Amino acid sequence: LGDAAAVKRGRALYHQTCMPCHGFEAIASDMVPDLRYSAVIGDQTVWNTIVRDGALADNGMVGFKDNFSPAELEAIRAYLIDRSQAAAKKLAKPE
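Every chain begins its residue count from 1, and numbering advances along the sequence as written. Only residues with pLDDT of at least 70 get local features here, since the model is predicted, and only at 80 or more are side-chain atom pairs given and counted; chain-wide, interface and lining totals rely on the full set of residues. As a convention, hydrogens and water are excluded, and side-chain values are obtained from all of the structure's heavy atoms.

Draft legend 1. Representation of the overall build of the protein in the model. Secondary structure follows DSSP: runs of H or I at least 4 residues long count as helices, runs of E at least 2 residues long count as strands, and numbering of each begins at the N terminus. From N to C terminus, the protein includes 3 helices and 0 strands. Overall, the protein shows an N-to-C arrangement of helices and strands of α-α-α. Throughout, radius of gyration means the C-alpha value; the globule benchmark is 2.2 Å times the number of residues raised to the power 0.38. For 95 residues, the compact-globule estimate of 2.2 N^0.38 gives 12 Å, and the C-alpha radius of gyration of the protein, at 13 Å, lies within 12% of that figure. By the convention used here, residues are in contact when the closest approach between their heavy atoms is within 4.5 Å. Considering only contacts within the protein whose residues lie at least 6 apart along the sequence, 53% involve residues at least 24 apart. Residue exposure ignores everything except the shown protein chains as possible cover, and the areas themselves are Shrake-Rupley values with a 1.4 Å probe. Surface summary for the protein: the accessible area is close to 6,100 Å², and the carbon and sulfur share equals 56%. The averaged location of the 12 negative side-chain charges in the protein is 7 Å from the averaged location of its 11 positive side-chain charges. Note that His is not counted, nor are the chain ends; the positive residues are Lys and Arg, and the negative ones are Asp and Glu. All charge positions are set by atom: Lys at NZ, Arg at CZ, Asp at CG, Glu at CD.

See the structure below:
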């Protein structure tokens with residue numbers, strides 16, 4: 001999905017806006033979904049419906065279409081997919 005530059009940009013954007021609710025390095029508490037394990041990050045259409053358009057606003061997840069460009073939202077998604085892959089590798093090879 002994203003090259004290293006997109007992941008780096010997505011990390012910066014994530015930590016600027018998403019981290020207060022979804023946790024440092026995308027490791028969430030029990031109060032909100034842990035995005036590393038969310039199927040939403042794998043589906044661009046669903047991702048945009050929720051993150052850009054605010055489909056879950058009634059549940060507290062507002063839309064960010066006025067805050068981020070489409071490319072920035074894709075960079076955040078690339079970062080989360082990268083974090084998801086890192087988590088899967090760690091589960092496959094516990095320390």
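Draft legend 2. Examining the packing of aromatic side chains more closely. Working definition: a ring pair exists when centres of Phe, Tyr or Trp rings (six-membered ring for Trp) sit within 6.5 Å. Plane angles under 30 degrees give stacked, over 60 give edge-to-face, the rest tilted. Per the stated rule, a full pass over the model turns up 2 aromatic pairs. Judged by centre distance (5.4 Å) and plane angle (50°), the rings of Tyr14 and Tyr79 are tilted. Pair noted here: Tyr14 is in helix α1 (residues 4-22) and Tyr79 is in helix α3 (residues 70-92), with a separation of 65 residues, a long-range link. Under the relative-accessibility criterion, Tyr79 is labelled buried at 2%. Measuring from centroid to centroid gives 6.1 Å for Phe64 and Phe68, while their planes differ by 45°, and the two rings are tilted. Here the term buried applies to any residue with accessible area under 20% of the maximum for its type, exposed to any over 50%, and partly exposed to those in between, with areas from a 1.4 Å probe on protein chains only.

Draft legend 3. Expanded view of the packing of helix α2 (residues 44-52) against α3. Under this scheme, a helix contributes an axis fitted over its contacting stretch, all axes are lines through C-alpha atoms, and angles between N-to-C directions fall in the 0 to 180 degree range. Running from amino to carboxyl end, α2 crosses α3 at an angle of 115°, the nearest separation of the two axes being 11 Å. If you check the angle between α2 and α3, you find them roughly perpendicular. The crossing of α2 and α3 is right-handed. Residue-level contacts link Gln44, Trp47, Val51 and Arg52 of α2 to Leu73, Glu74, Ile76, Arg77 and Leu80 of α3. All residues other than Ala, Val, Leu, Ile, Met, Phe, Trp, Tyr, Cys, Pro, Asp, Glu, Lys and Arg, Gly among them, are scored as polar; the first ten of these are nonpolar and the last four charged. Taken together, the residues of the contact of α2 with α3 sort by class into 5 nonpolar, 1 polar and 3 charged. Roughly parallel here means an angle under 35 degrees, roughly antiparallel means over 145, roughly perpendicular means 65 to 115, and every remaining angle is called oblique. By convention the crossing between two helices is left-handed if the near helix lies anticlockwise of the far one by an angle smaller than a right angle, and right-handed if it lies clockwise.

Draft legend 4. The arrangement of α1 in detail. Given a helix with a known number of residues, its expected span is that number minus one, times 1.5 Å. In this model, α1 (19 residues) spans only 22 Å end to end at C-alpha, well below the 27 Å of a helix rising 1.5 Å per residue. Note that the bend at a residue is defined as the angle between axes fitted to the seven residues ending at it and the seven residues starting at it. The largest bend in α1 is about 55°, located at Gln16, with the proline Pro20 one to four residues further on. Buried positions along α1 lie against α3. Positioned one or two residues after α1, Gly23 has a phi angle of 90°, which is positive.

Draft legend 5. Region of the structure containing α2. Those residues of α2 lying buried are Trp47, Asn48, Ile50 and Val51. Of the surrounding secondary structure, the elements contacted by the buried residues of α2 are α3. After α2 finishes, the residue Gly54 shows a positive phi value of roughly 80°.

Draft legend 6. Just the nonpolar core, in detail. What is meant by a nonpolar core is a set of buried Ala, Val, Leu, Ile, Met, Phe, Trp, Tyr and Cys residues, joined one to another through side-chain atoms within 4.5 Å. Counting 18 residues, the largest nonpolar core has Tyr14, Trp47, Val51, Phe68, Ile76 and Leu80 as its most contacted members. Every element with two or more residues in this core is listed here: α1, α2 and α3. Sequence-distant contacts of Trp47, defined by excluding residues within four places in its chain, comprise Val40, Ile41, Arg52, Leu73, Glu74, Ile76, Arg77 and Leu80.

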